[in-house]
Amino acid sequence: MICCILLLLTLTSCVCGTFVVNVTQSSYQAEENHNITLEWSFTTKPHTPPDFLIIFCELFTDLRESVLYQLREGVESPESQDEQFSGRVQCDKDVLREGRIRLHVSRLRTEDSGLYRCQVLTSDGRNFAKCRLNVSARDRPEPETEPETEPETEPGEPNTASRGRINLYCELRLTAAVVLTLFIHSS
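Positions within a chain are numbered from 1, following the residues in the order the chain's sequence is written. In view of the model being predicted, local features appear only for residues whose pLDDT reaches at least 70, and side-chain atom pairs are presented and counted only at 80 or more, with totals across whole chains, interfaces and linings using the full set of residues. Side-chain figures throughout are based on the complete set of non-hydrogen atoms in the structure, without hydrogens or water.

**Section: the confidence of the model for the protein**
Per-chain confidence: the protein averages 77 in pLDDT, with 61% of residues scoring 70 or above. Contacts for the low-pLDDT stretch residues 2-16, under 50 throughout, to residues beyond four places or in other chains number 13 contacts. The pLDDT score gives, residue by residue, the confidence of the prediction method on a 0 to 100 scale. We call two residues in contact whenever any of their non-hydrogen atoms come within 4.5 Å of each other.

Structural data, given as structure tokens:
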């Protein structure tokens, strides 16, 4: 078990600078009850085994964080998905081999607005990228707003202390998943 952890730390430190996750679009705008496709891409190498892929996508709002989608070694984990997204999120698995993540979110709600972060972990490394989605209510006029001042954090993005705890939590979850995967594969 200790060997697995040391191997994980060594691999992570060696490749974390070369593995990249990008968003196709940094900001999305949609209307309530419509559908949208959120897209990310990640670097892939021909020798990368397709069964070692972990994807963890979340929504961050001012009020909470919600799991949008989770995939481990080609298997989706619907039990980890937040109720808010139950039955409304589908992943286009055909494009995963090309290094693309396409999540289709249907029947959008205004509470789906916020910052979406998708983390990807492969044998080549791990990284994440973020995009923002704003879902506006249908048939309602936009409220007038006063000119904004520069906030300390983006709306919907946790403050620095919260972000640090969230990142630590996510890192621990991903590390635990990798260690468990390595342990299972070595048995």
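Moving on from the model shown.
**Some remarks on the pairing of strand β8 (residues 100-105)**
Only one face of β8 is buried: it carries I101, L103 and V105, and the other face, with R100, R102 and H104, is open. One requirement defines pairing of two strands: DSSP has to find at least two bridges between them. Counting from the N terminus, the helices are DSSP H or I runs at least four residues long and the strands are E runs at least two residues long. Looking at chain direction, strand β3 (residues 36-42) and β8 are connected through 6 bridges and run antiparallel. Counted as the bridge partner of T37 is H104 from β8. The pairing of strand β7 (residues 89-91) with β8 spans 3 bridges and is antiparallel. In the sheet register, Q90 faces β8, and the bridge partner there is H104. Each residue's exposure class comes from its accessible area (1.4 Å probe, protein chains only) as a fraction of the maximum for that residue type: buried when under 20%, exposed when over 50%, partly exposed otherwise.

**Notes on the pattern of salt bridges**
By definition here, a salt bridge exists when the distance from a side-chain nitrogen of Lys or Arg to a carboxyl oxygen of Asp or Glu is within 4 Å. This model, assessed by the stated rule, comprises 5 salt bridges. One salt bridge in this structure joins E98 and R100, with 2.9 Å as the shortest N-O distance.

**Quick look at the packing of aromatic side chains**
Working definition: a ring pair exists when centres of Phe, Tyr or Trp rings (six-membered ring for Trp) sit within 6.5 Å. Plane angles under 30 degrees give stacked, over 60 give edge-to-face, the rest tilted. The full count for this structure, using the stated rule, is 1 aromatic pair. Ring geometry for F19 versus F42: centroids 6.3 Å apart, planes at 45°, classification tilted. Note that F19 is positioned in the loop between α1 (2-15) and β1 (21-23) and F42 in strand β3, a separation of 23 residues in sequence. In terms of burial, F19 and F42 fall into one category: buried. In this structure, R117 packs its charged tip against the face of F128, placed 5.3 Å from the ring centre. Throughout this description, the term charge over a ring refers to an Arg CZ or Lys NZ atom that lies within 6 Å of the ring centre and within 35 degrees of the ring normal.

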